[in-house]
Amino acid sequence: MKINKIWIDEIHKDSRYGLEGNVIAKHNSQYQEIIILETKDYGKALMLDGCWMTTDQGEKYYHECLVHPALSSLNNSSKILVIGGGDGGTVRECLKYKGVNYLDLVEIDEEVINLSKKYLTSIGGKSWSDIRLNINIDDGFQWVKNTQDNYYDAIIIDSSDPSDFANKLFSSEFYKECKRVLRKDGIFATQSESPESFKKIHLQIYFELKNLFKNSSTMYSFVPFYPSGIWSWTFASDTEDDFLKPNYKDIKSIEKSCEIWNLNFQEGAFKMMPSKIIREISMKKNDR
Ligand code: SPD
């Protein structure tokens, strides 16, 4: 039945990315407009300030790629920081690792967490009541500034696209602070936008992290409801060890729990940099 269904589009430059469904929540928080749309094929979809963030039937394309390359390669993943990610998908994937003892989730907008807990129940699932999870309603940039040196084993940035209040999470000052609070053998992971629809910021993240850390690497995959569909995640570390080598002893059980990510998928995804991006990177390197 189509009664009361409407189309809601994310308008990105000259394109629209639309989903059809029933609006089940609409709220203006202190920071942004939050909409939850119930759709037929993607389930419930979360939109923040006109941009699709996640859907309960498609979120694994994004959250599994952000978390597992990082956490499956760490020897020690006991203390984790997640910035953004108020829908709970990133913390859910992190808490699959038995070695995680303590996870700080820092989300600026409490309403995103409240509405996700109420409507997007399958995304955060049981993680919301996991005793290892500490929820902090705070500005991620300030949180990192106020953190002592060498504190976290992994820092994971699950931000929205650059905007008035998310911009700071893409700045070189922020990345430097993250490096400071990350342990020497720790790993930094961030969603790094689309090489197609957000090419400028994608390349900026790539260069910032390449210049700051000893090792960094970008993987590519698909998020069907994000502009252009192709998305990326970038990982960085100062470790001397083999960077991103899967290391976790229960990795088979993590693979079994995933819908998208597995070790073969990861290997392919790190080789998926489009040729035009490879060329742009080498041209820009020559400019520097
Ligand atoms: N174009 C949307 C990019 C948003 C990335 N973060 C999504 C948050 C899901 N936890």
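Refer to the structure above for everything that follows.
These numbers were taken from a predicted model, which means no experiment stands behind them.

Focus: the state of the cysteines
Next up, step 1: All told, the structure shown has zero disulfides when counted by the stated rule.
Next up, step 2: Of all cysteine sulfurs, the one in Cys94 lies closest to Cys178, which takes part in no disulfide; the gap is 15 Å.

Points about the nonpolar core
Next up, step 1: Core analysis: the largest hydrophobic core is formed by 71 residues, its most contacted members being Leu103 and Phe188.
Next up, step 2: Counting residues per element, this core draws most heavily on helix α1 (residues 60-71), at six residues.
Next up, step 3: The residues contacting Phe188, other than those within four sequence positions of it, are Ile155, Ile157, Tyr175, Cys178, Leu182, Leu209, Phe213, Thr234, Phe235 and Ala236.
Next up, step 4: Within the second largest apolar cluster, 10 residues are counted, among which are Ile34, Leu46, Met53 and Ile123.

Description of the packing of aromatic side chains
Next up, step 1: Going through the model one piece at a time under the given rule, you end up with 14 aromatic pairs.
Next up, step 2: Members of the aromatic cluster, connected to one another through ring pairs, are Tyr42, Tyr62, Phe198, Phe225, Tyr226, Trp231 and Trp233.
Next up, step 3: Across the ring face of Tyr151, the terminal group of Lys79 is positioned such that the distance to the ring centre comes to 4.0 Å.
Next up, step 4: Here Lys179 stacks its cationic end above the ring of Phe213, 5.4 Å away from the centre of that ring.

Here's the deal with the site of the ligand
Next up, step 1: As a structural note, the neighbourhood of the ligand is formed by Trp52, Met53, Tyr62, His63, Asp87, Asp158, Ser159, Asp161, Gln191, Tyr226 and Trp231.
Next up, step 2: Note that a nitrogen atom of the ligand is positioned 3.1 Å from one of the side-chain N or O atoms of Tyr62.
Next up, step 3: Between the ligand and the protein, one listed contact pairs a nitrogen atom with a backbone N or O atom of Ser159 at 2.8 Å.
Next up, step 4: In this structure the site holding the ligand corresponds to the largest cavity.
Next up, step 5: When grouped by side-chain class, the residues that make up the shell around the ligand number five nonpolar, three polar and three charged.

What about the pattern of salt bridges?
Next up, step 1: Applying the stated criterion across every chain yields a total of 22 salt bridges.
Next up, step 2: Between Glu267 and Lys271 there is a salt bridge, with its nearest N and O atoms 3.5 Å apart.
Next up, step 3: For Glu267, a relative accessible area of 46% translates into the label partly exposed.
Next up, step 4: Salt bridges sharing common partners tie together Glu59, Arg92, Glu93 and Lys96.

Side note on the side chain of Glu59
Next up, step 1: Tracing the chain through its elements places Glu59 in the loop between β5 (51-55) and α1.
Next up, step 2: Side-chain polar atoms of Glu59 contact the side chain of Arg92, separated by 2.7 Å.

Cut-offs used in this document
- Residues numbered from 1 in each chain as written.
- Predicted model: local features only at pLDDT ≥ 70, side-chain atom pairs only at ≥ 80, totals over all residues.
- Heavy atoms only, no water.
- Disulfide = S-S within 2.5 Å.
- Core = buried A, V, L, I, M, F, W, Y, C linked by side-chain atoms within 4.5 Å.
- Buried < 20%, exposed > 50% of the residue type's maximum accessible area, 1.4 Å probe, protein only.
- Helix = DSSP H or I, 4+ residues; strand = E, 2+ residues; numbered from the N terminus.
- Contact = heavy atoms within 4.5 Å.
- Phe/Tyr/Trp six-rings, centres within 6.5 Å; stacked < 30°, edge-to-face > 60°.
- Lys NZ or Arg CZ within 6 Å of the ring centre and 35° of its normal.
- Near = heavy atom within 4 Å.
- Polar contact = N/O pair within 3.5 Å; in protein donor to acceptor, adjacent residues only side chain to side chain.
- 1 Å grid on protein atoms, 1.4 Å probe; cavity = no way out; pocket = protein on both sides within 12 Å on 5 of 7 lines; lining within 4 Å.
- Sits in = over half its atoms within 2 Å of the grid points.
- Nonpolar A, V, L, I, M, F, W, Y, C, P; charged D, E, K, R; others polar.
- Salt bridge = Lys/Arg side-chain N within 4 Å of Asp/Glu carboxyl O.

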